[in-house]
4 protein chains.
Amino acid sequence: MRARTDEAKDLRRQALLDAALDEFAERGFAAARMEDIARRADLSKGTLYLYFESKEDLFKALVDTKAAPRLDEIEALVTEMPSALEALATFAQLAPMLIQRSPVPRLAKIIIGESNQFPEIADFYRRNFIERGMGVIRSVLEQGVERGELEVEDPALTARLIMGPMVLSAVWHVLYGDKPDGRVDLEKLFALHARYLRRALVKREDEPT
Amino acid sequence: MRARTDEAKDLRRQALLDAALDEFAERGFAAARMEDIARRADLSKGTLYLYFESKEDLFKALVDTKAAPRLDEIEALVTEMPSALEALATFAQLAPMLIQRSPVPRLAKIIIGESNQFPEIADFYRRNFIERGMGVIRSVLEQGVERGELEVEDPALTARLIMGPMVLSAVWHVLYGDKPDGRVDLEKLFALHARYLRRALVKREDEPT
Amino acid sequence: MRARTDEAKDLRRQALLDAALDEFAERGFAAARMEDIARRADLSKGTLYLYFESKEDLFKALVDTKAAPRLDEIEALVTEMPSALEALATFAQLAPMLIQRSPVPRLAKIIIGESNQFPEIADFYRRNFIERGMGVIRSVLEQGVERGELEVEDPALTARLIMGPMVLSAVWHVLYGDKPDGRVDLEKLFALHARYLRRALVKREDEPT
Amino acid sequence: MRARTDEAKDLRRQALLDAALDEFAERGFAAARMEDIARRADLSKGTLYLYFESKEDLFKALVDTKAAPRLDEIEALVTEMPSALEALATFAQLAPMLIQRSPVPRLAKIIIGESNQFPEIADFYRRNFIERGMGVIRSVLEQGVERGELEVEDPALTARLIMGPMVLSAVWHVLYGDKPDGRVDLEKLFALHARYLRRALVKREDEPT
DNA sequence: TATGAATGAGTCTTCATTCAT
DNA sequence: GATGAATGAAGACTCATTCAT
């Protein structure tokens, strides 16, 4: 069947990108085979080359397409929160979904593996995803401090610490998510995280830093 | 010069393993070239095959050799601590060194990239390194609770949260450690982490969980 | 030109098998180069691997395809003969063709050379070709004895003796067939053989065994 | 241990040639490994190169040494026979030993396999062994004819026919000699052969050719 | 002399990419 | 537009040969 309309083409393109995400995540960039990607999208090798010039081109298109997902939405959602504590709680609620349902962890895995082959992609990902995420957290913290809600020594480093369990969980999920003894209750984990953050960051009278 | 004694051979073997660590970390298992590994150790391709039967054999030897480094020492050190807080502080002191000076982060990067090609290695690493690390933290926490020092809801999940910044920092270090704007002051980061942990976990009278 | 239909593919496959027969016969299995085989069939190395998974696979396909040639026809032809003498004469007529025109001698040469690498192939060849041939001769002899035509002490051993000149001639042909001083008049040779067989095997009244 | 005397050197040389015969016969020239040959002679690879310049040199030395065995003795023995029939009977007696105990069949196997790589060796073998053998038989036949003992149409072709079962048996022996169902009673076979030859070749009054 | 560590040319095999159909 | 047959560059691995010890 042929894709004549633009929508049909976009559909094929998307199917190929999805297939590429799967194959690259499973095998890594070097070991993934173009034929397998095409087959996974129910297309032929030749057709793949109608949509992407080369393996590298496909890889970069993949990162471009998937790397900046609903981050905007999350950003908006969190920024609108009336209090920093609520914002952190929202984070805790969103994290499991982001890890279990979005392509982000698999993409991160690929990028980690190929960071030396494609340093500009690793940089792009850092700036547009991780540092942006840390920036959001940091501004939440800074707002909390301004409002006298929180007590935070170094908002940038603190944001980094807060991201830690997310990265660990993302890596864990792509590596062991499908093993029977690798499952972790992420809802519980991030709820606990939120409670600890409250205990650690909320301003108190009785105890000096 | 030729390696005739067993010590000289061990030296060559080590040199090859070091070279392999570098190449695998830089390019990933599939993209690394045996000849490059040999050259990096100032040996020829053929010599490499005198020491390792195949690329896969070399990879597995690499994991076997480098995967369980001074973890024993750390374990002993931490277990001997008189109080849980001191143990966590010791962790905070050791973490930067482990991340910046040991081969663990680079090894972790390789294993993340190849987890689907070598699931048994990913499992080995999980059990012998990550879960072991989390286990140590957990027993520290449990001792702290027993002594009435700490207040911990779920020691296993808490240990996982505590590992988070370590994993993030390790990944960050291998990906961006050599970039000018990628440097992070790990001493400061983990000192801060230790302080937050104290605030979050130390038992208080005045505030219910 | 590209082989798109099944027939065209079969043609390529045949061409590759023919080329393989030539190269293996000339150099032996180990010394034959896959690229040379492909080139001899006017194809590239890569294309050869579209048709055969490996060198060994190609070798086995070669034996499967060429090893049991018109043996069925010969068997039928000989079995239908009204008398044993005629059957032996027919043999004598067919032998030169089998040696000079069929792939059997070259195939035998390859199999002799590789009998230790591929003992199952040597066994296959023995059972499906040599012992089958000897079996036909033997049954001819036994029929001749039953009919009172021949006097044969040990039909199995006698069949083996009768095969002797065929094997010698086959080996000779592949080794020296193209040398000026290596040519042998096979028609004459096997006609003479048939006459000797008549003298040796035909029942006589005047002379006891 | 070092071979200082000439005899000791000759011993090493012989051991290497024996080992080479075994390895070349088992694997063929291309697939045989110099290291395996050395090891089979309980020597090191380096030592092998003290005795033979190269693999090819070793191969040629092997043929030179083993190709012309006790053929002289056989030749003398047979030539001295008072009658052609006795000479043929002697042949029948010697054949099994030549096939089962001498290196000739294994050597023949190697030479068959490598005839295209080393055509000069195949030629050498033909002239110095096969044609010489056939020549002896032929002169026996011619003497028999002169003496009125035998009736032979074409002594050269007849000699070739007589050699047939020897070649078949030699090939059979190296290919299947060690298989349980590959054993043949060579004494019986060649005794039978001798009887058939007598019936076929002895001059008779009663029957015209 | 004897050894076996070291080398690198040579071969099998894979797979990104091209292109005839 | 779509296909998959064809290609050949590239990389793992082997092994004859060399040479330091």
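Please read these numbers as outputs of a predicted model, since none were measured by experiment.

## Things to note about the overall build of chain A
The number of helices and strands found in chain A is 10 helices and 0 strands. N-terminal to C-terminal, the α/β element order of chain A is α-α-α-α-α-α-α-α-α-α. Principal axes of the C-alpha set define a box for chain A whose edges measure 70 × 40 × 30 Å. Split into buried and exposed, the 209 residues of chain A put 52% on the buried side. Within chain A, contacts between residues separated by at least 24 positions form 67% of all contacts whose residues are at least 6 apart in sequence. A total of about 10200 Å² of accessible surface is found on chain A, and carbon and sulfur atoms cover 50% of it.

## Some thoughts on the relation of the copies chain B and chain A
A rotation about an axis combined with a shift along that same axis relates the two copies of the chain. With an axial shift of 0.0 Å and an RMSD of 0.1 Å, the rotation relating chain B to chain A amounts to 179°. Each copy turns onto its partner about a two-fold axis. A shared interface surface links the copies, since 100% of the contact residues of chain B are contact residues in chain A too.

## Here we look at the packing of helix α6 (residues 84-101) of chain D against helix α10 (residues 186-201) of chain D
Residues and elements named next belong to chain D. Their axes nearest at 9 Å, the elements α6 and α10 cross at an angle of 155°. Taken together, α6 and α10 sit at an angle that is classed as roughly antiparallel. Between α6 and α10 lies a crossing whose hand is right-handed. Residues L85, L88, A92, A95, P96, I99 and Q100 of α6 form the contact with α10, whose own contacting residues are L186, E187, F190, A191, A194, L197, R198 and L201. Within the contact of α6 with α10, the residues separate by chemical class into 12 nonpolar, 1 polar and 2 charged.

## Let's talk about helix α4 (residues 55-66) of chain C
Residues and elements named next belong to chain C. Look at α4: 16 Å from first C-alpha to last across 12 residues, which is about the 16 Å you get at 1.5 Å a residue. Taken together, the buried positions of α4 are K55, L58, F59, A61, L62, V63 and K66. Close packing links the buried residues of α4 with α1 (6-27), α2 (34-40), α3 (45-51), α7 (104-113) and α8 (119-146).

## Remarks on the nonpolar core
Generally speaking, nonpolar side chains in soluble globular proteins are found buried as a group. F24, L58, Y125 and L201 of chain C together with F24, L58 and L201 of chain D are the most contacted members of the largest nonpolar core, which has 154 residues in total. In contact with L58 of chain D, other than residues within four places in its own chain, are L17, A20, F24, M34, I37, L48 and F52 of chain D. Membership of the second largest hydrophobic core comes to 152 residues, among which are L94, I99, A108 and M163 of chain B.

## Here's the deal with the interface of chain C and chain D
Taken together, the contacts link 53 residues of chain C with 55 residues of chain D. Counting each side, the surface lost to burial between chain C and chain D is near 5200 Å², with a carbon and sulfur contribution of 59%. Sorting the residues of chain C by area buried against chain D places R160, L161 and R199 of chain C first, and these three jointly supply 15% of that buried surface. Applying the counting criterion to the chain C and chain D interface returns 10 salt bridges. The salt bridge involving E151 of chain D is made with R199 of chain C; its shortest N-O contact spans 3.3 Å. Linking chain C with chain D are 20 residue pairs in polar contact (both at pLDDT 80 or more), by the criterion used here. Of all elements in the fold, only α1, α7, α8, α9 (155-176) and α10 (186-201) of chain C reach the threshold of two or more residues within the side of chain C that touches chain D. When residues in the side of chain C that touches chain D are grouped by element, the largest group, 13 residues, is from α9 of chain C. When grouped by side-chain class, the residues that make up the side of chain C that touches chain D number 26 nonpolar, 9 polar and 18 charged.

## Observations regarding the relation of the copies chain C and chain D
In the superposition of chain C on chain D (RMSD 0.1 Å, axial shift 0.0 Å), the rotation amounts to 179°. Interface residue correspondence from chain C to chain D reaches 100%, placing this contact among same-surface, isologous pairings.

## Observations regarding the packing of α1 of chain C against α4 of chain C
Residues and elements named next belong to chain C. Where α1 contacts α4, the axes come no closer than 10 Å and their chain directions differ by 100°. By the angle between their directions, the pair α1 and α4 is classed as roughly perpendicular. Residues R13, Q14, L17, D18, A20, L21 and F24 of α1 form the contact with α4, whose participating residues are K55, L58, F59, A61, L62, T65 and K66. Looking at the contact of α1 with α4 residue by residue, the classes come out as 8 nonpolar, 2 polar and 4 charged.

## Side note on the domain arrangement of chain A
Bring the parts together and some accessible area is lost; that lost area is often taken as the interface size. Residue and element names in this part refer to chain A. Once the domains are mapped, chain A shows domain 1 (6-64) and domain 2 (67-201). Taken over C-alpha atoms, the centre of domain 1 sits 28 Å from the centre of domain 2. Listed as interface residues are 14 residues of domain 1 and, on the opposing side, 12 residues of domain 2. Counting each side, the surface lost to burial between domain 1 and domain 2 is near 1100 Å², with a carbon and sulfur contribution of 72%. When the buried surface of domain 1 facing domain 2 is broken down by residue, L21, F59 and V63 rank first, second and third, together holding 46% of it. At the surface where domain 1 touches domain 2, the tally comes to 2 salt bridges. With its nearest N and O atoms 2.5 Å apart, the salt bridge here joins R106 to D22. Of all the secondary-structure elements, those providing two or more residues to the side of domain 1 that touches domain 2 are α1 (6-27) and α4 (55-66).

Reading guide: rules and limits
Residues numbered from 1 in each chain as written. Chains lettered and ligands numbered in written order. Predicted model: local features only at pLDDT ≥ 70, side-chain atom pairs only at ≥ 80, totals over all residues. Heavy atoms only, no water. Helix = DSSP H or I, 4+ residues; strand = E, 2+ residues; numbered from the N terminus. Buried < 20%, exposed > 50% of the residue type's maximum accessible area, 1.4 Å probe, protein only. Contact = heavy atoms within 4.5 Å. Areas by Shrake-Rupley, 256 points an atom, 1.4 Å probe, with all protein chains shown as cover. Least-squares fit on C-alpha atoms with pLDDT ≥ 70 in both. Axes fitted to C-alpha atoms, helices over the stretch in contact; angles between N-to-C directions. Parallel < 35°, antiparallel > 145°, perpendicular 65-115°, else oblique. Left-handed = near helix turned anticlockwise from the far one by under 90°. Nonpolar A, V, L, I, M, F, W, Y, C, P; charged D, E, K, R; others polar. Expected span 1.5 Å × (residues − 1). Core = buried A, V, L, I, M, F, W, Y, C linked by side-chain atoms within 4.5 Å. Buried area = accessible area lost by both parts, 1.4 Å probe. Salt bridge = Lys/Arg side-chain N within 4 Å of Asp/Glu carboxyl O. Polar contact = N/O pair within 3.5 Å; in protein donor to acceptor, adjacent residues only side chain to side chain. Domains from an automatic or database assignment.

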